Amino acid sequence: MISLEKISKVSFLTLACMLWAQRFFNYVFVAADKVLGTSPFMATTGSVALLVILALASIRYLSARIRPTDITFIVIVLSLYFYAPAARYVSDGDYERFTNLFLMSLPLYLIGVSMDISQLKTLFRILSVASIFTMAYYNLVFIHNTGYAGGAEFTKDNMSTSYGLLLMTIYMTWYTFSHFDWKSVFSWIDLVSVLLGGLAMSMLGTRGPLVAFVAFVVLYVIIFKIPQKKLLYGSVFLIILIVFMVWMDDILMFLASKAVDLGFSDRIFTLLISGEFHQDGNFGRNWIFQTLIEALGESPIYGYGIFGSFQFVNIYAHNIFLEILFSFGYLIGGLIIIFGIFSAIKAFLNDVTDDERGFLLVLIGSGVLGLMFSSAFYLNAAFFMFVGYCVQLAYRK
């Protein structure tokens, strides 16, 4: 007879997988809705009901791993969120979107605190590959072939899809680099998924995810690969860099022309060719940073709370450190940043396995590096998973 502990553990692993690859399962539920002829409401209701059932069935497993400090953290986050004075400056549509993301982010914090990557890494691998291929196919092929109205909007600068691809692509980059087997067909499929994810992010026209992806690759090579085989990896990395620098313009022009021929955005490639990749328009990131820093000077102690940036620039800060300082002020915000950096370093240097250390870097790449360029920490589910996982490795191992 199957024990309650076993049922609860399986439910937890299933819940973790569904939240990890929620975009992929969204496509699955929509496809099922089309095939069965049911209403979108039924598909949405069914998916939410399944998550609730899995969460309830996971309580026994979670109760042995969650501590009072976790509940306190969730209560504080919810209090800051729902009682934010600046929430009145956010449109109803945006506020609903933030709420939906928080309903996924907080469970991912609990999963981060409770998970064992050795039990989930293969499942995450399968789901990440499926997610990359599905998102790439839908955004780069299906929309154009079906003449879907609004397709140009979604493929010219689709930030949401790009950041969704970022998490999956970074995870597969780590998994491929760490577990590659030249004789395995599946390893080559992993590598193709990494290349496809990077190409799709390039053609969707959003800079932030692409920069975060490149930064993660550099960090991974420096931390994990170069110390092991300094001469080999250093030489290969240098050769690839030299080749790219010599033929950079030709490579970028070729990719830009192919992107245009296929009807996708050539924004990333043209910005790189023109040398304007780091520049913004009159109302770009530089203007946002300058405006918010000036406003923070008027309330340096208390800040403006969650959503505070909306009353000045009608959008989030596009930088996680500025967002934290603007929300909580220089004193509390500064302490949060220092404690976060200290905890991440402690988790990384703690007595953990290479897989645990590697997965932590994955969450840093998607949940922190990605927030250096766009979005906000209270919108990013990967950030909350990073916080939970960091707490587990730093203070509970």
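Starting afresh in each chain, residues are numbered from 1 along the sequence in its written order. Two thresholds apply to this predicted model, a pLDDT of at least 70 for residue-level local features and 80 or more for giving and counting side-chain atom pairs, whereas whole-chain, interface and lining totals are computed over all residues. With hydrogens and water excluded, all non-hydrogen atoms of the structure serve as input to the side-chain values.

Draft legend 1. Focus on the overall build of the protein. A run of H or I in DSSP counts as a helix once it spans at least four residues, and a run of E counts as a strand once it spans at least two, with each numbered from the N terminus. Broken down by element type, the protein carries 19 helices and zero strands. Each residue's exposure class comes from its accessible area (1.4 Å probe, protein chains only) as a fraction of the maximum for that residue type: buried when under 20%, exposed when over 50%, partly exposed otherwise. Within the span of the protein, comprising 397 residues, buried residues form 47% of the whole. Long-range contacts, defined here as pairs at least 24 residues apart, represent 76% of the contacts in the protein between residues at least 6 apart. Accessible areas in this description were obtained via Shrake-Rupley with a 1.4 Å probe; residue shielding takes into account the shown protein chains only. As displayed, the protein has an accessible area near 20,200 Å², and 70% of this comes from carbon and sulfur atoms. Throughout, a residue-residue contact means that at least one pair of heavy atoms, one from each residue, lies within 4.5 Å.

Draft legend 2. The packing of aromatic side chains, seen in detail. Centres within 6.5 Å make a pair out of two Phe, Tyr or Trp rings, where for Trp the six-membered ring is used; the pair is then stacked when the planes are under 30 degrees apart, edge-to-face when over 60, and tilted otherwise. Tallied over the full model, the rule gives 31 aromatic pairs. One aromatic cluster is present, built from ring pairs that chain together Tyr-81, Phe-307, Phe-310, Phe-328, Phe-377, Tyr-378, Phe-383, Phe-384 and Phe-386. If you follow Arg-65 out to its NZ or CZ, it ends over the ring of Tyr-61, 3.7 Å from the centre. By definition here, charges over rings are those cases where NZ of Lys or CZ of Arg is within 6 Å of the ring centre and within 35 degrees of the ring normal. The aromatic ring of Phe-348 is capped on one face by Arg-357, whose charged end is 5.7 Å from the ring centroid.

Draft legend 3. Representation of the packing of helix H1 (residues 4-20) against helix H2 (residues 22-36). Under this scheme, a helix contributes an axis fitted over its contacting stretch, all axes are lines through C-alpha atoms, and angles between N-to-C directions fall in the 0 to 180 degree range. It is at 5 Å that the axes of H1 and H2 come closest, and there the two elements cross at 85 degrees. Comparing the axis directions of H1 and H2 gives the class roughly perpendicular. Taking contact as the criterion, the partners of Cys-17, Met-18, Leu-19 and Trp-20 in H1 are, on H2, Gln-22, Phe-25 and Phe-29. Angle categories: roughly parallel below 35 degrees, roughly antiparallel above 145, roughly perpendicular from 65 to 115, and oblique for all the rest.

Draft legend 4. Layout of a nonpolar patch on the surface. Taken together, the side chains of Phe-133, Val-185, Phe-186, Ile-189 and Val-192 make up a nonpolar region of the molecular surface, amounting to roughly 470 Å² of accessible area. Ranked by the residues each element gives to the nonpolar patch, the list is headed by helix H10 (residues 185-203), at four residues. As for its placement among the helices and strands, Ile-189 is situated in helix H10. The exposure class of Ile-189 is partly exposed, given its relative accessible area of 35%. Like charges are joined within 9 Å and nonpolar side chains (Val, Leu, Ile, Met, Phe, Trp, Tyr) within 5 Å, but only among residues with over 30% relative accessible area and no salt bridge; these make up the patches. By salt bridge we mean one thing: a side-chain nitrogen of Lys or Arg within 4 Å of a carboxyl oxygen of Asp or Glu.

Draft legend 5. The arrangement of the side chain of Thr-173 in detail. When you line up the elements, Thr-173 lands in helix H9 (residues 159-179). Residue Thr-173 is classed as buried on the basis of its relative accessible area of 2%. Residues within four places of Thr-173 in sequence aside, it is in contact with Val-194, Phe-213, Phe-216 and Val-217.

Draft legend 6. Spotlight on the packing of helix H17 (residues 320-349) against helix H18 (residues 354-369). Where H17 contacts H18, the two axes come as close as 12 Å, and the packing angle between them is 165 degrees. When the axes of H17 and H18 are compared, the pair comes out roughly antiparallel. Where H17 crosses over H18, the handedness of that crossing is left-handed. Residues Ile-320, Ala-344, Ala-347 and Phe-348 of H17 form the contact with H18, whose participating residues are Arg-357, Leu-360 and Val-368. In this classification, the charged set is Asp, Glu, Lys and Arg, the nonpolar set is Ala, Val, Leu, Ile, Met, Phe, Trp, Tyr, Cys and Pro, and all remaining amino acids, among them Gly, are polar. In the contact of H17 with H18, the residues fall into six nonpolar, no polar and one charged. Each crossing gets its hand from how the near helix is turned against the far one by less than a right angle, where anticlockwise is left-handed and clockwise is right-handed.

Draft legend 7. Looking closely at unusual backbone geometry. One non-glycine residue, Phe-307, lies in positive phi territory at about 70 degrees. If you trace the backbone, Phe-307 turns up in the loop between helix H15 (285-296) and helix H16 (310-313). Phe-307 gets classed as buried once you look at its relative accessible area, which sits at 0%. Within the chain, Asn-314 stands out as a residue other than glycine whose phi angle is a positive 60 degrees. Along the chain, Asn-314 turns up in the loop between H16 and H17.

Draft legend 8. Just the nonpolar core, in detail. With 102 residues, the main nonpolar core has Trp-20, Met-115, Phe-124, Phe-359, Tyr-378 and Phe-386 as its most contacted residues. Among residues more than four places away in sequence, those in contact with Trp-20 are Phe-124, Leu-127, Ser-128, Leu-167, Met-168, Tyr-171, Phe-359, Leu-363 and Met-385. Within this scheme, the nonpolar core is defined by two criteria: the residues are buried Ala, Val, Leu, Ile, Met, Phe, Trp, Tyr or Cys, and they are joined through side-chain atoms within 4.5 Å.

Draft legend 9. Examining the environment of Ile-74 more closely. Here Ile-74 is to be found in helix H5 (residues 68-82). With sequence-adjacent residues up to four places away left out, Ile-74 is seen in contact with Leu-106, Tyr-109 and Leu-110.

Keep in mind these values describe shape, not function.
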